[in-house]
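An overview of the molecular structure
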Amino acid sequence: MGTMKRGLLAAVASSLVLLTVAAVPAFCQADASNRPYKTVTAEMFHNPPNSEWLQYRRTDDGHGYSHLKLINTSNVKDLEPIWSFSTALTKGHEVVPVYHDGILFVVASYDVVYALDARSGKFIWKYERDIPAKALSVVCCDVVNKGGVLYGDNFIYETIDAHLVALNAKTGAVTWDTKIADYKDGITGTAAPLVAHGNIIAGMTGGEFGARGRLIALNAETGKIAWVTYTIPGPGEPGNDTWGSAKGVTETWKHGGGTPWTTGYYDEKQNLIFWPTGNPGPWAAYVRPGDNIGSSSLIAFDGTTGAIKGSYQTVIHDMWDYDNISQPFAVDYMKNGKMVHATFETHKDGFTYVTDRDINHWKPYNNENVNNIPALYVKPFMKGITWTKGNLNQLKQPLYDPAKDSTTPNLVDVCPSFLGGTNYLVPSYDARTKTAFISGNYWCETIKRLPIQPWAPYKAYVYAEFHMHVMPGVEGGGGWIKAIDVTNGRTKWEHDMTDANWSGLVATDGGVLFGGGTDTRDFFALNKATGKLLWKFKTNSGMVGAPITYAIDGQQYVAVVSGFGGAIPIWTGEIKDKFNKNTPQGGVVWVFALK
């Protein structure tokens, strides 16, 4: 498939011009290719200037928010594209770009990295990776990548063949390249890393291929592995006894999933890394009796050693592929005269989970206290939830409705689906107004178990049949954007879309919230206070990543990559056929500024 990838690049590149400039503004400073690159220090990374976007959600706390305000609710109508750049690849582009010192960095399909002048779109360098066919065979959800980080003199990202690679930000030369896992075990890398204590913190994918989840830290300078911590407990570790065996399947923890395949956040003050984990494996839950601790959870890791300090499981014994993989972030607010320090996250299952992130309030993490992170509140953020009747246990975990048990041989209808609710579509958080902006879909599914087969390399480990559909009573493709008050979980406003929504968001101090559509191909701006549409621009394709904004020489820019693909074309069936059958594909970087 490495050869196939090269053939695809050649074929597409022969018919596309790689660089298209709509209107390049004049600036007195030399373009980024002709001057030295400024090193990203630890201080800069953990306390970035407002003009910079150095990591996936911009800041360690996961807020994905910009304090820039040159573009605001009054003038956003005057935004126009100033340059665009074709990646010459037609698969999905889930990337969130990063920006520093005049250079925009983008990971396209097949782990191709581009460095572009952020003002003009001028090509600086490209890195291509020859991905083994066997690695491509265990990719769950398209040959996508969510992006990298800028640290030191390098751009650092994960690859499909389970490596972490550091590229010189100025030249694209490989600084180091470290194998972090083996793709024969079903493991690939598509998530954006974090940075803590000079280590690059990376998750991994593979929950649909029998991988055992783990978080991995590498020294940012050398690429040497510093520590590895498994999310699914082995013998003698807290929670291992929640992984039972049935139907001849033994040692279920070995292929138990719980992969940290999105990105967490770092609480520097407490030196804790909070990271969400994916579904247990296989989906056919009848072979793994028990709570299946470590899966569908929020886990807190020591920022220095990687040791697990706390955990809260959102879905007990998941049987609907309800990963806990929506981006969590830190929130602080007053409640009853006291300051609350919490983690906020929404979920595939339709619920908002707000947990206490103050480690002084936790019991010691051990076999008796595997769910030792207290939940502050758990509330639905969407209508139509049917997998539970809304009753919670003592730990504030939702209890499922037995009528929605998917381990029977008959299809059961469940809302939301495993692609409904929220997914990896990154939110944005305005700490001043205590408002979380989230993306999702009103989708449901029918699902049932299938006969199990033993785990084997390079073979999917799911064993469930499912069919996706838009929630009854919902018009169009079911997409929406909501503003949620983090102090109580209440919806402030909702913006319903005509198509499926698979784009993340970014809000700004200018009062604007940026997002994107799929079939409409619209990149748009909403009023973050009301949800009212302020501006839109039709791009080449649908958006399945998230935008960023940055500033150079007093000019604010907004960047987004349009390139439909990812989970929707592969997994949604009826929804894709009805609402995205004719959505064009092809990756293009779009950058906008005021006229």
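Let me begin by describing the structure that accompanies this report. The structure presented is a predicted model; accordingly, all values stated were derived computationally and were not measured.

1. Describing the overall build of the chain
- Summing up its helical and strand segments, the chain has five helices and 39 strands in all.
- For a compact globule of 595 residues, the expected C-alpha radius of gyration is about 25 Å, and the chain comes in at 22 Å, within 12% of that figure.
- Counting only C-alpha atoms, the chain reaches 65 × 50 × 50 Å along its principal axes.
- Considering the chain as a whole, with its 595 residues, one finds that 65% of them fall into the buried category.
- When the accessible surface of the chain is split by element, carbon and sulfur atoms take 53% of a total near 19800 Å².
- Side chains of the chain carry 53 positive and 55 negative charges; the gap between the two charge centres is 2 Å.

2. Here's the deal with unusual backbone geometry
- Residue G281 is joined to P282 through a cis peptide bond whose omega torsion reads -5 degrees.
- Take P282: it is sitting in the loop between β17 (272-276) and β18 (297-302).
- Of note, the bond from C415 into P416 is cis; its omega dihedral lies within 30 degrees of zero at -5 degrees.
- As for its placement among the helices and strands, P416 is situated in the loop between β26 (412-414) and β27 (428-430).

3. Thoughts on empty space enclosed by the protein
- Per the stated rule, a full pass over the model turns up four cavities of 30 Å³ or more.
- Taken as a whole, the largest cavity encloses approximately 310 Å³ of empty space.
- C140, C141, E208, W261 and W571 are, among the 27 residues lining the largest cavity, the residues nearest its centre.
- Residue composition of the lining of the largest cavity, by class: twelve nonpolar, eight polar and seven charged.

4. Topic: the packing of aromatic side chains
- A full pass over the atoms with the stated rule returns 38 aromatic pairs.
- Taking the centre distance of 5.5 Å and the plane angle of 70 degrees together, the rings of Y322 and W387 count as edge-to-face. In this pair, Y322 sits in the loop between β19 (308-313) and β20 (329-335) while W387 sits in the loop between β23 (375-380) and β24 (388-392), placing the two residues 65 residues apart along the sequence.
- A residue is classified by how much of its surface remains accessible, and W387, at 1% relative accessible area, is buried.
- A connected cluster of aromatic rings, assembled from ring pairs, spans Y312, W320, Y322, F351, Y353, W387 and Y400.
- Geometry around Y230 places R212 over its ring, the cationic atom sitting 3.9 Å from the centre.

5. Here's the deal with the state of the cysteines
- Evaluation of the coordinates by the stated rule reveals two disulfides.
- A sulfur-sulfur distance of 2.0 Å marks the disulfide that ties C140 to C141.
- The exposure class of C140 is partly exposed, given its relative accessible area of 24%.
- Here C415 pairs with C444 through a disulfide, and the sulfurs are 2.0 Å apart. One quick way to see it: the torsion about the S-S bond of C415 and C444 is about 105 degrees, and its sign makes the bridge right-handed. Taken as a pair, C415 in the loop between β26 and β27 and C444 in strand β29 (residues 443-449) lie far apart in primary sequence, 29 residues in all. Across the pair, C444 and C415 agree in class, each one buried.

6. Examining the pattern of salt bridges
- One pass over the full model with this rule turns up 20 salt bridges.
- For the salt bridge of K179 with D182, the shortest nitrogen-to-oxygen distance reads 3.6 Å.
- The partner of E494 in a salt bridge is K482, with the nearest N and O atoms 2.6 Å apart. Taken together, the positions of E494 in strand β32 (residues 491-496) and K482 in strand β31 (residues 479-485) put the pair twelve residues apart, joining distant regions of the chain.
- Among the charged side chains, a network of salt bridges with common partners joins R129, D161 and D177.

Procedures and definitions
- Residues numbered from 1 in each chain as written.
- Predicted model: local features only at pLDDT ≥ 70, side-chain atom pairs only at ≥ 80, totals over all residues.
- Heavy atoms only, no water.
- Helix = DSSP H or I, 4+ residues; strand = E, 2+ residues; numbered from the N terminus.
- Rg over C-alpha atoms; globule rule 2.2 N^0.38 Å.
- Buried < 20%, exposed > 50% of the residue type's maximum accessible area, 1.4 Å probe, protein only.
- Areas by Shrake-Rupley, 256 points an atom, 1.4 Å probe, with all protein chains shown as cover.
- Lys, Arg positive; Asp, Glu negative; His and termini not counted.
- Charge placed at Lys NZ, Arg CZ, Asp CG, Glu CD.
- 1 Å grid on protein atoms, 1.4 Å probe; cavity = no way out; pocket = protein on both sides within 12 Å on 5 of 7 lines; lining within 4 Å.
- Points joined across faces, edges and corners; volume = space filled by probe spheres on them.
- Nonpolar A, V, L, I, M, F, W, Y, C, P; charged D, E, K, R; others polar.
- Phe/Tyr/Trp six-rings, centres within 6.5 Å; stacked < 30°, edge-to-face > 60°.
- Lys NZ or Arg CZ within 6 Å of the ring centre and 35° of its normal.
- Disulfide = S-S within 2.5 Å.
- Salt bridge = Lys/Arg side-chain N within 4 Å of Asp/Glu carboxyl O.

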